[in-house]
Amino acid sequence: MASKSNLVNLDAMILREDFATEAEEEFSSDSFRSFSVKDFDLYSHVIKKPDFQRETNQWSPQQVASLISSYVSGDLIPSVILWKGSYIFVIDGGHRLSALRAWVLDDYGDASVSQKFFNYQIPKEQLESARKTRELVEKNVGSWQGLKDKISSPDATPEEKRKISKILTQALTIQWVSGDEDKAEVSFFNINMKGTPLDDVEEFLLKNRKKPTSIAARAVIRAGFGHKYWSKFDAATAKQIETYAKKIHSIAFDPDIQSPVKTLELPLGGSRGVRVAIQLLIDFIEAATYGVGSKVVEAEDNDGLKTINCLRQSIKLFNRITGNDRGSLGLH
């Protein structure tokens, strides 16, 4: 298994949405039993990931390239499982669909869609993983645009055109989950717990996704950008969460670690691109808010005020440890 810093971040390929959110327009899935990469143009605005799903960043460059190669070759790929609620939600197969859309867009976490999603603040580790992925795909398969250009080229032979036409019309099989949103959520957890197992941090974030520590940690790790888990709060509260999160992110993770280390100017929290960073944030926020070693059972945050309190207390503790504020220990 690749380390977190070597994984491909495809989180921008399929956006998240709350199961309970109403879609802006009606759509039909009655005859929607297979899915081709060309269908992204038709369905991209209604295909969503559940808001509680972990980031789509569990695959290495080799896994992404392998999936695309398998699709192009017509190899057997497991069905994508969807549920039709307010939108079309991906219950299982988010990485498969995201990898294929990344191929179509030539965006493996570093191009226009991802840049906008991450507010043009993409870590170097993510850029490097994207570069490796693109090189592997180009070597093994070729780009989507390259195939499209070749089929219309006067130099392409009839055999080449038939082969490319077959590639462009390949499709994944679709299965549907029936029932209400509770059934769909249970199905999601049952299916995904059997695939790539959730580690302790991911399980904590998912099970506590509506609680302040989880919301605060997710806000800080992306400096208030990416998917906004706090979007249900009013605009002023959401803005305050983003402001505090960006400040803590800067304190904990700036400057970027350069390897080998040649300077004493290092980030207090280590690298933002590894799994331990989110664990550090969870532990730090809990200690700052409730005290070291406390076993507080958090209630859900319905208005954002608990999350803001967690972030405020974390800033206080960070300023106590480092910085130029009065009372700072200056340990950094």
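Here, the structure is the one placed above.
A quick note: this is a predicted structure, and the numbers were derived from the prediction, not measured.

Rules used throughout
- Residues numbered from 1 in each chain as written.
- Predicted model: local features only at pLDDT ≥ 70, side-chain atom pairs only at ≥ 80, totals over all residues.
- Heavy atoms only, no water.
- Helix = DSSP H or I, 4+ residues; strand = E, 2+ residues; numbered from the N terminus.
- Pairing = 2+ DSSP bridges.
- Contact = heavy atoms within 4.5 Å.
- Axes fitted to C-alpha atoms, helices over the stretch in contact; angles between N-to-C directions.
- Patch = residues over 30% accessible without salt bridge, like charges linked within 9 Å, V, L, I, M, F, W, Y side chains within 5 Å.
- Areas by Shrake-Rupley, 256 points an atom, 1.4 Å probe, with all protein chains shown as cover.
- Salt bridge = Lys/Arg side-chain N within 4 Å of Asp/Glu carboxyl O.
- Lys, Arg positive; Asp, Glu negative; His and termini not counted.
- Charge placed at Lys NZ, Arg CZ, Asp CG, Glu CD.
- Phe/Tyr/Trp six-rings, centres within 6.5 Å; stacked < 30°, edge-to-face > 60°.
- Buried < 20%, exposed > 50% of the residue type's maximum accessible area, 1.4 Å probe, protein only.
- Lys NZ or Arg CZ within 6 Å of the ring centre and 35° of its normal.

As a further point, take unusual backbone geometry. Even without glycine at this site, Asp106 takes up a positive phi of about 55 degrees. Locating Asp106 in the fold gives a position in the loop between helix 3 (94-105) and helix 4 (112-117). Within the chain, Asn119 stands out as a residue other than glycine whose phi angle is a positive 55 degrees. Among the secondary structure elements, Asn119 is positioned in the loop between helix 4 and helix 5 (124-140).

Moving on to the pairing of strand 6 (residues 172-177). Where strand 2 (residues 34-35) and strand 6 come together, 2 bridges link them in antiparallel fashion. Note on strand 6: the bridge partner recorded for Ser34 is Thr173. Relative to strand 6, strand 4 (residues 80-84) is paired through 4 bridges, and the arrangement is parallel. If you follow Trp83 over to strand 6, its bridge partner there is Val177.

The next subject is the sheet that holds strand 6. Strand order across the open sheet formed by 6 strands is 1-3-5-4-6-2, with mixed pairing between neighbours. Looking along the sheet, the strands with just one partner apiece sit at the ends: strand 1 (16-17) and strand 2. Looking at chain direction, strand 1 and strand 3 (residues 47-50) are connected through 2 bridges and run parallel. Across the sheet, Glu17 pairs through a bridge with Pro50, a residue of strand 3. Against the sheet, helix 3 contacts strand 2, strand 4, strand 5 (88-92) and strand 6, and its axis sits at roughly 115 degrees relative to strand 5.

Moving on, we get to a negative patch on the surface. On the surface, Asp18, Asp180, Glu181 and Asp182 cluster together into a negatively charged patch. Examined against the element boundaries, Asp18 turns out to sit in the loop between strand 1 and strand 2.

Our focus in this paragraph is the packing of aromatic side chains. Applying the stated criterion to the full structure yields 7 aromatic pairs. The interplanar angle of 75 degrees and the centroid separation of 4.9 Å between the aromatic rings of Phe35 and Phe40 together place this pair among those described as edge-to-face. Taking the relative accessible area as the measure of exposure, Phe35 reaches 2% and is therefore buried. With 6.4 Å between their ring centres and 90 degrees between their planes, Tyr87 and Phe89 make a pair best called edge-to-face. With relative accessibility at 0%, the residue Phe89 sits in the buried group. Aromatic rings pair up to connect Phe35, Phe40 and Tyr43 into one cluster. A cation over an aromatic ring shows up here: Lys48 above the ring of Tyr87, its NZ or CZ 5.3 Å from the ring centre. Just above the ring of Tyr229 sits the side chain of Arg218; from NZ or CZ to the centre is 4.1 Å.

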